[in-house]
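For reference, the chains in residue letters:
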Amino acid sequence: MEEAEQVLYRGKVKDEEGRFEEALELYQQGLEKLLEKLKQPMSESTRLKKREIIATYMTRAEALKRKKNKATVPHVQEIRIQNDESGWTYSRLFEKPLHDSPSHIRIQDPYLHARHQLANLVSVCEVFASRASVSHIRVITRQAPQGDQRGQQQKCMSDLGNSLAARNITFVTNYSETLHDREIRFKNENNVVWVAILGRGLDMFKKVNSWFSLGATDYSYRLCHEVTVTLTRG
């Protein structure tokens, strides 16, 4: 097998493995070498065979180019949730970012102090932990004021981290006293990044009337605050 064909074959292997960027690069290299080879003297049967090889791999390379260009076009979706609207859950809200099988998730919310705010954090981490692709979750928030809330926050982060570790998910907490923005960033192994900009952070659900009523554990029954969530894929 000639050098050009060896390069094209390596590209085909990467293609079959789903490593499309590497495959495209190898296809382009192999095609350039093969086109240069065509300038040399050879029999018509050999020339015809090489042109068939070029046509086959060029078609696949063009398909990968289109796929790459489509993937790099930012996708933006704005979700407007009305006051007292119900039927929403974190699973529904983040359906598109989770569809891309993220491995790393970063949650930024300055207000994870009160009991219900910490319960929201646990709830969204339950959704993320249910996805086999997730291996790292990082939380960035402000440290709770001194007193009961700080102790409650520390215990939540510790217990949540231990329970996630039992599922082989790394959990890291960072504190920033200047944090303001509320967002969740999703990144997969192919470096596809989704950013969810959260108008109210995780605190989009209203309190239930009783912990023994519908909505206590299934958030789809809860009424929502008015909020806008923007999802961007880049």
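Here, every reference points to the structure presented above.
Residues numbered from 1 in each chain as written. Predicted model: local features only at pLDDT ≥ 70, side-chain atom pairs only at ≥ 80, totals over all residues. Heavy atoms only, no water.

A. Structural view of the overall build of the chain. When helices and strands are tallied, the chain shows seven helices and seven strands. Along the chain direction, N to C, the helices and strands of the chain fall in the order α-α-α-β-α-α-β-α-β-α-β-β-β-β. Taken over the C-alpha trace, the chain has a radius of gyration of 25 Å; the compact-globule value for 234 residues is 17 Å, which it surpasses by more than 25%. The dimensions of the chain, computed from C-alpha atoms along their principal axes, are 85 × 35 × 30 Å. Taken across its 234 residues, the chain has 38% of its residues classed as buried. Excluding contacts between residues fewer than 6 apart, the proportion of contacts in the chain whose partners are at least 24 apart in sequence is 71%. A total of about 13,800 Å² of accessible surface is found on the chain, and carbon and sulfur atoms cover 48% of it. Here the chain carries 36 positive and 30 negative side-chain charges, and the mean point of each set is 0 Å from the other. (Helix = DSSP H or I, 4+ residues; strand = E, 2+ residues; numbered from the N terminus. Rg over C-alpha atoms; globule rule 2.2 N^0.38 Å. Buried < 20%, exposed > 50% of the residue type's maximum accessible area, 1.4 Å probe, protein only. Contact = heavy atoms within 4.5 Å. Areas by Shrake-Rupley, 256 points an atom, 1.4 Å probe, with all protein chains shown as cover. Lys, Arg positive; Asp, Glu negative; His and termini not counted. Charge placed at Lys NZ, Arg CZ, Asp CG, Glu CD.)

B. Inspection of the sheet that holds strand β2 (residues 104-108) at higher detail. Taken in spatial order, the seven strands of this open sheet run β1-β7-β6-β5-β2-β3-β4, and their pairing is mixed. Every interior strand has two partners, whereas the edge strands, β1 (75-81) and β4 (170-175), have only one. Within this sheet the neighbouring strands show an average axis-to-axis angle of 10°, counted without direction. Where strand β3 (residues 136-141) lies against β4, six bridges are found, and the strand directions are parallel. Its bridge partner being in β4, His-136 is matched across the sheet by Thr-170. Each of β2, β3 and β5 (183-187) touches helix α6 (residues 115-129); the most contacted strand, β2, lies at about 165° to it. Of the strands in this sheet, β3 and β4 touch helix α7 (residues 148-165), which is tilted by about 160° from β4. (Pairing = 2+ DSSP bridges. Axes fitted to C-alpha atoms, helices over the stretch in contact; angles between N-to-C directions.)

C. Spotlight on α6. Helix length check: α6, at 15 residues, gives a terminal C-alpha distance of 21 Å against a target of 21 Å (1.5 Å per residue), a fit within 8%. Residues Gln-117, Leu-118, Asn-120, Leu-121, Ser-123, Val-124, Cys-125, Val-127, Phe-128 and Ala-129 constitute the buried set of α6. Buried residues along α6 sit against α4 (90-93), α5 (95-99), β2, β3, α7 and β5. (Expected span 1.5 Å × (residues − 1).)

D. Region of the structure containing the state of the cysteines. Scanning all chains against the criterion turns up zero disulfides. Here Cys-125 stays free of any disulfide, with the sulfur of Cys-156 as its closest cysteine sulfur at 8.3 Å. (Disulfide = S-S within 2.5 Å.)

E. Representation of the environment of Lys-96 in the model. Inspection of the secondary structure assignment puts Lys-96 in helix α5. Note on Lys-96: relative accessible area 36%, which makes it partly exposed. Lys-96 sits 137 residues away from Arg-233 along the chain, and the two C-alpha atoms are 9.2 Å apart. For Lys-96, the contacting residues outside a window of four places in its chain are His-75, Gln-77 and Trp-194.

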